[in-house]
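In case you want the letters, here they are:
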Amino acid sequence: MSQKPTLSRRTFLTAASLAGLAAAQAMLQPLQAQTPDAPTVPEDPTKVPGAPPSAYGQRSSFEQAQRLAGSSSSLTPLQDLHGIVTPASLHFERHHNGVPLIDPARHRLLIHGLVERPMIFTMDELKRFPAVSRLAFIECSGNSAGEWHEPGGQTAQQTQGLISSSEWTGVLLAIVLREVGMKPDATWMLAEGADAAAMTRSIPLAPALEEALLCYAQNGEALRPEQGYPLRLLIPGWEGNVCIKWLRRLKLGAAPFMTREETSHYTDLMPNGTARQFTLVMEAKSVITSPSGGQQIRPGFVEIRGLAWSGRGRVTQVEVSTDGGETWRKAQLQKPVLAKCHTRFRFPWRWNGQEAILQSRCADETGYVQPSRQALVAVRGLHSIYHNNAIQSWKVSRDGAVHNVHV
Amino acid sequence: MAQEKSGNHGLGRTATDVEIRAWNIDIAPTGEGLPPGRGTVQEGRQVFAQKCAKCHGQTGVEGPMDRLVGGHGTLKTDRPIKTLGSYWPYATTLYDYIRRAMPFTTPQSLTPDEVYSVVAWLLYQNKIIPEDAVMDATTLPAVQMPNRQGFVPDPRPDVPKR
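These numbers were taken from a predicted model, which means no experiment stands behind them.

1. Remarks on the overall build of chain B
The secondary structure content of chain B amounts to 6 helices and 4 strands. The secondary structure elements of chain B, listed N-terminal to C-terminal, are β-α-β-α-α-α-α-β-α-β. Radius of gyration (C-alpha) of chain B: 20 Å, far over the 15 Å computed for a compact globule of 162 residues. By principal-axis analysis of the C-alpha atoms, chain B measures approximately 65 × 55 × 30 Å. For chain B, buried positions account for 47% of its 162 residues. Considering only residue pairs separated by 6 or more positions, chain B has 58% of its internal contacts joining residues 24 or more positions apart. As presented, chain B carries roughly 8,700 Å² of accessible surface, and 54% of it is formed by carbon and sulfur atoms. With 18 positive and 17 negative side-chain charges, chain B shows a separation of 7 Å between the mean positions of the two kinds.

Printed below as a string of structure tokens:
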């Protein structure tokens, strides 16, 4: 709550004056008008000059969308956002021992192992390589992990908020690996971060080489510290944890390294007691972000809006149901529809004031269709934690309140 | 300069052995990367009491942070308990993870002997090695973890369409 809007401060001061602090208020108000972060809102903005330009812009003090932060993660407020790009300030976070403070001038990337020449790169050198930009989502495979047993979160932020999309800029991993020379027997790559968890994952080299990026920029500016400043790995479509942040080391090998994050964690326990390992792809998923849990709607026209994405490529179709999955109709997809990125969908609806259950179901270019919760649980049971991409249901009750439900 | 043929942009420099050694901290299941040193269950009991128990409990069960002991035979049940003893496929991962990430507030502060010994104690608490076992670069990779065969490759897409 660092961005308290001016209005609530004024409300607070008014309340204080009612409590008999009128004198104090009289002293505070003129002072407040001079404080740059608490401007007085004019009656008519056409009658007074506005604020001067600033070195680094801020959103309006009336806007309050914010991440919901726990001890080691924070969730993107999907229900408050528009379009497909997540503002960097609202990109979800997941880190395993805090966000490190790194001086980019001292940061280095070491590449070694099964290479012709082990090499060290500075940030300046990495930025001199041919650059590419692309939009892509990053989703934590633990997204919706609290939704397996029963409805867990109230809002879309709580149920699906471990996903965000950004424009990422960097150099293709393949180009940098050509610089060091891969040995023919190199099939796996260990990526390691410079954080206090020294976060480490093994990555199968062949599929990663197609699209993986060593990123230094996000939405046009340098990466945010929470997103790996100054350097992160991005493997579009794969679980967020392999997109190692604060990247400082790549080691090529002939087998997976079997780190804790690909054995103890990020493995999916099945009902028969075996666990799936290296479940890297994020399968197609969608969620209605409006109306969504915690919101309130009124009878009449309601545009149903949401996000869909697939780690296997493009979203080809999103269908919406307003009757709990009895009937489905196609939603409109906002162009451009990009592979491995958020796709915004919309569906015009007229709410008649009766109970309704809203769902969205997407399909991708491989023909994969997002499963119902029952179909997913029938195969995976309730203890696999990761990769819950089931259809989300929002119940609209007669009073217009929207709730997370399982159907 | 047109150096595209070799893929050489002329950027970066060769890493020295000293630089590689300073950061090359991962341990493979084969044991590659394990440093010289050794540790016993007895020594590990003390290291754990001093440096780990306040977060993981006196016996590694009580928490408040991750439970490190027990859960054997629970993976198929309605209440699976995944610990390094019941779930982890390789003992080498324990060395790798504790050396890189524990103790949580002072990571990478343990000596090789401290890591070997606390690993020995944790394996003993999980009834995987005997009380007189000594862990070093040869014995640790040879430890057979109970759930070694418990992992399968990713079969997805796995949910049939309606």
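2. A look at the overall build of chain A
Secondary structure assignment for chain A yields 7 helices and 24 strands. Here chain A has a C-alpha radius of gyration of 24 Å; the compact-globule value for 407 residues is 22 Å, and the two agree. Considered along the principal axes of its C-alpha atoms, chain A spans approximately 75 × 55 × 35 Å. Taking all 407 residues of chain A together, 55% fall into the buried category.

3. What to know about the sheet that holds strand 17 (residues 300–309) of chain A
Residues and elements named next belong to chain A. Pairing in this open sheet of 4 strands is antiparallel, and the strands run 16-17-21-20 from one edge to the other. Looking at strand neighbours, the two that pair on one side only are strand 16 (285–290) and strand 20 (332–333), the edges of this open sheet. One ladder, built from 9 bridges, connects strand 17 with strand 21 (residues 343–351); its direction is antiparallel. In the sheet register, Phe-301 faces strand 21, and the bridge partner there is Arg-350.

4. A short note on the domain arrangement of chain A
All names here are of chain A. Parsing chain A into structural domains produces domain 1 (72–154 + 162–273) and domain 2 (285–405). When each unit is reduced to the centre of its C-alpha atoms, the spacing between domain 1 and domain 2 is 28 Å. Summed over both partners, the interface of domain 1 with domain 2 buries about 3,000 Å², with 56% contributed by carbon and sulfur atoms. Together, Ile-84, Phe-137 and Trp-148 form the three largest contributors to the area buried by domain 1 at its contact with domain 2, with a combined 25%. Among the ionic pairs, Glu-139 bridges to Lys-285, the shortest N-O distance being 3.2 Å. In this assembly, domain 1 and domain 2 are joined by 18 residue pairs in polar contact (both at pLDDT 80 or more). Counting only elements with at least two residues in the side of domain 1 that touches domain 2, the list comes to strand 6 (132–139), strand 7 (163–172) and strand 14 (268–269). Sort the elements by how many residues they give to the side of domain 1 that touches domain 2 and strand 6 lands first, with 5 residues.

5. A few points about empty space enclosed by the protein
All names here are of chain A. Taken as a whole and judged by the stated rule, the model has 4 cavities of 30 Å³ or more. The volume enclosed by the largest cavity comes to roughly 180 Å³. What lines the largest cavity is a set of 19 residues, among which Arg-94, Arg-232, Gly-240, Asn-241 and Lys-245 lie closest to the centre. Looking at the lining of the largest cavity residue by residue, the class counts come to 8 nonpolar, 6 polar and 5 charged.

6. Observations concerning the pattern of salt bridges
Two side chains bearing opposite charge may form a pair once their charged atoms approach each other closely. Here the structure, examined in full by the defined rule, presents 30 salt bridges over all chains. Linking A:Glu319 and A:Arg361 is a salt bridge whose minimum nitrogen-to-oxygen distance equals 3.0 Å. Taken as a pair, A:Glu319 in strand 18 (residues 315–321) and A:Arg361 in strand 22 (residues 356–364) lie far apart in primary sequence, 42 residues in all. Judged by its relative accessible area of 16%, A:Glu319 is buried. Between A:Glu355 and A:Lys395 there is a salt bridge; the shortest N-O distance is 3.8 Å. With A:Glu355 in the loop between strand 21 and strand 22 and A:Lys395 in strand 23 (residues 393–396), the pair connects residues that are 40 residues apart, well separated along the chain. Here A:Glu355 falls in the partly exposed class, since its relative accessible area comes to 48%. Owing to a relative accessible area of 27%, A:Lys395 belongs among the partly exposed residues under this scheme. Connected through shared salt-bridge partners, A:Glu192, A:Arg248, A:Arg249, A:Lys251, B:Asp26, B:Asp96 and B:Arg100 make up one network.

7. Topic: the pairing of strand 24 (residues 402–405) of chain A
Residues and elements named next belong to chain A. Bridge count between strand 23 and strand 24: 4 bridges; the pairing is antiparallel. Opposite Ser-393, over in strand 24, you have Val-405 as the bridge partner. Counted along the chain from strand 23 to the antiparallel partner strand 24, the turn is 5 residues long, and its residue Gly-400 has a positive phi close to 90 degrees.

8. Quick word on the side chain of A:Glu319
A polar contact is formed between the side chain of A:Glu319 and the side chain of A:Gln317, at a distance of 3.4 Å. Residues within four places of A:Glu319 in sequence aside, it is in contact with A:Trp328, A:Arg329, A:Lys330, A:Ala331, A:Gln359, A:Ser360 and A:Arg361.

9. Brief notes about the pairing of strand 17 of chain A
Residues and elements named next belong to chain A. Burial analysis of strand 17 places 7 of its 10 residues in the buried class, which makes it a mostly covered element. Sheet topology note: the strand 16/strand 17 ladder contains 5 bridges and is antiparallel. In the strand pairing of strand 17, Val-287 is matched with Leu-307.

10. So, the sheet that holds strand 15 (residues 275–277) of chain A
Read across the open sheet, the 3 strands follow the order 14(A)-15(A)-4(B); overall the sheet is mixed. One side of each edge strand has no neighbouring strand; the edge strands of this open sheet are strand 14 of chain A together with strand 4 (151–153) of chain B. Taken together, the 2 bridges between strand 14 of chain A and strand 15 of chain A define a ladder with antiparallel strand orientation. Directly across from A:Asp268, in strand 15 of chain A, lies its bridge partner A:Arg276.

11. A few points about helix 5 (residues 173–180) of chain A
In an α-helix, one turn spans 3.6 residues; hence positions three or four apart end up facing the same way. Residue and element names in this part refer to chain A. For helix 5, the tally of buried residues reaches 7 of 8 residues, placing the bulk of the element in the interior. Among all positions in helix 5, only Leu-173, Ala-174, Ile-175, Val-176, Leu-177, Glu-179 and Val-180 are buried. Downstream of helix 5 by one or two residues, Gly-181 has phi in the positive range, about 80 degrees.

12. What about the environment of A:Leu333?
Residue and element names in this part refer to chain A. Within the element layout of this structure, Leu-333 appears in strand 20. For Leu-333, a relative accessible area of 23% puts it in the partly exposed group. The residues contacting Leu-333, other than those within four sequence positions of it, are Val-315, Thr-316, Gln-317, Val-318, Thr-343, Arg-344 and Phe-345.

Basis of the calculations
- Residues numbered from 1 in each chain as written.
- Chains lettered and ligands numbered in written order.
- Predicted model: local features only at pLDDT ≥ 70, side-chain atom pairs only at ≥ 80, totals over all residues.
- Heavy atoms only, no water.
- Helix = DSSP H or I, 4+ residues; strand = E, 2+ residues; numbered from the N terminus.
- Rg over C-alpha atoms; globule rule 2.2 N^0.38 Å.
- Buried < 20%, exposed > 50% of the residue type's maximum accessible area, 1.4 Å probe, protein only.
- Contact = heavy atoms within 4.5 Å.
- Areas by Shrake-Rupley, 256 points an atom, 1.4 Å probe, with all protein chains shown as cover.
- Lys, Arg positive; Asp, Glu negative; His and termini not counted.
- Charge placed at Lys NZ, Arg CZ, Asp CG, Glu CD.
- Pairing = 2+ DSSP bridges.
- Domains from an automatic or database assignment.
- Buried area = accessible area lost by both parts, 1.4 Å probe.
- Salt bridge = Lys/Arg side-chain N within 4 Å of Asp/Glu carboxyl O.
- Polar contact = N/O pair within 3.5 Å; in protein donor to acceptor, adjacent residues only side chain to side chain.
- 1 Å grid on protein atoms, 1.4 Å probe; cavity = no way out; pocket = protein on both sides within 12 Å on 5 of 7 lines; lining within 4 Å.
- Points joined across faces, edges and corners; volume = space filled by probe spheres on them.
- Nonpolar A, V, L, I, M, F, W, Y, C, P; charged D, E, K, R; others polar.

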